[in-house]
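Given next are the chains, with one letter for each unit.
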Amino acid sequence: GNSVTQMEGPVTLSEEAFLTINCTYTATGYPSLFWYVQYPGEGLQLLLKATKADDKGSNKGFEATYRKETTSFHLEKGSVQVSDSAVYFCALVRNPGTALIFGKGTTLSVSS
Amino acid sequence: GAVVSQHPSRVICKSGTSVKIECRSLDFQATTMFWYRQFPKKSLMLMATSNEGSKATYEQGVEKDKFLINHASLTLSTLTVTSAHPEDSSFYICSAPEADTQYFGPGTRLTVL
């Protein structure tokens, strides 16, 4: 079946450090891939997405590249800030309009 | 991007009562919406798919008589937790797809005393 695996963390970094959160997926066909972010007590916000192989999604300094050969969609940011502290979810959708399949979420904590 | 709202954001109720949570797509129409439950360890569990004009589709293990879903219009889905018990206390989140992306509501924190 379809699934998403991501490192659960917590990931603890100092401000301005480099961030990588690994995400791999299992799916038939060509899913669309997403990263969502959840700040404490809030819902999920779309961070970035990629809909086909080799696409790079980017937003607010975060990037992720859809790698079909390694079935991965790792999230990266060159210099994290305290305000980036949140839970990050990797997700896929097989067909538009159907339910997302989520990884378990990775908690990021950035200290100054 | 598209906006999804939820109401209420927080609700506290007594055991045995029913609670209704609304999910609205504010600037787009959604024939399908999704309801999730989030547990303390972060993971999101898909509860059901809400379909405008037809019955909701429930995931395995979710009691449809306990979690009533009504998709009244192209912009509104409601989740009613009937005869709530303390174990129903959780964070409930809805989402709606627009084009190839899903947009989430801000969530509803339900506490059952």
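Model, not experiment: these values are computed from the prediction.

A. Spotlight on the state of the cysteines. All names here are of chain A. Applying the stated criterion to the full structure yields two disulfides over all chains. A sulfur-sulfur separation of 1.9 Å characterises the disulfide bridge that pairs cysteine 23 with cysteine 90. Taking the sign of the torsion about the S-S bond as the criterion, the disulfide between cysteine 23 and cysteine 90, at about -70°, is left-handed. Pair noted here: cysteine 23 is in strand E4 (residues 23–26) and cysteine 90 is in strand E10 (residues 86–93), with a separation of 67 residues, a long-range link. Accessibility assignment for this pair places cysteine 23 and cysteine 90 in one class, buried.

B. Quick peek at the interface of chain A and chain B. Listed as interface residues are 23 residues of chain A and, on the opposing side, 19 residues of chain B. Taken together, the links from chain A to chain B amount to one salt bridge. The residue Lys49(A) makes a salt bridge to Asp100(B) at a minimum N-O spacing of 2.7 Å. Remark: the boundary between chain A and chain B carries seven residue pairs in polar contact (both at pLDDT 80 or more). Classifying every residue of the side of chain A that touches chain B by side-chain character gives 10 nonpolar, nine polar and four charged.

C. Local environment of the pattern of salt bridges. Considering all chains together, one arrives at six salt bridges over all chains under this definition. The partner of Asp55(A) in a salt bridge is Lys52(A), with the nearest N and O atoms 3.3 Å apart.

D. Looking closely at the side chain of Thr65(A). Position of Thr65(A) relative to the elements: it lies in strand E8 (residues 62–65). With residues near it in sequence (within four places) discarded, Thr65(A) still touches Asp54(A), Asp55(A), Lys56(A), Ser72(A), Phe73(A) and His74(A).

E. Representation of the sheet that holds E8(A). All names here are of chain A. Taking strand neighbours across the sheet as the criterion, the four strands line up as E3-E9-E8-E7 in an open arrangement whose pairing is antiparallel. A strand with exactly one partner marks an edge of an open sheet, and here the two such strands are strand E3 (19–21) and strand E7 (56–59). Adjacent strand axes in the sheet meet at a mean angle of 15°, parallel and antiparallel pairs treated alike. As defined by bridge partners, E3 adjoins strand E9 (residues 75–77) across three bridges and the pair is classed as antiparallel. Bridge pairing in E9 places threonine 20 opposite glutamate 76.

F. Region of the structure containing the pairing of strand E12 (residues 106–111) of chain A. All names here are of chain A. Side chains Thr106, Leu108 and Val110 project from E12 onto a buried face, and the interleaved Thr107, Ser109 and Ser111 project onto a face without burial. The pairing of strand E2 (residues 11–14) with E12 spans four bridges and is parallel. What sits directly across from threonine 12, in E12, is serine 109. Strand direction decides the pairing type here: E10 and E12, joined by three bridges, are antiparallel. Within E12, the residue paired with tyrosine 88 across the bridge is threonine 106.

Thresholds, definitions, all that
- Residues numbered from 1 in each chain as written.
- Chains lettered and ligands numbered in written order.
- Predicted model: local features only at pLDDT ≥ 70, side-chain atom pairs only at ≥ 80, totals over all residues.
- Heavy atoms only, no water.
- Disulfide = S-S within 2.5 Å.
- Helix = DSSP H or I, 4+ residues; strand = E, 2+ residues; numbered from the N terminus.
- Buried < 20%, exposed > 50% of the residue type's maximum accessible area, 1.4 Å probe, protein only.
- Contact = heavy atoms within 4.5 Å.
- Salt bridge = Lys/Arg side-chain N within 4 Å of Asp/Glu carboxyl O.
- Polar contact = N/O pair within 3.5 Å; in protein donor to acceptor, adjacent residues only side chain to side chain.
- Nonpolar A, V, L, I, M, F, W, Y, C, P; charged D, E, K, R; others polar.
- Pairing = 2+ DSSP bridges.
- Axes fitted to C-alpha atoms, helices over the stretch in contact; angles between N-to-C directions.

Taken by themselves, the reported measurements are silent on function.
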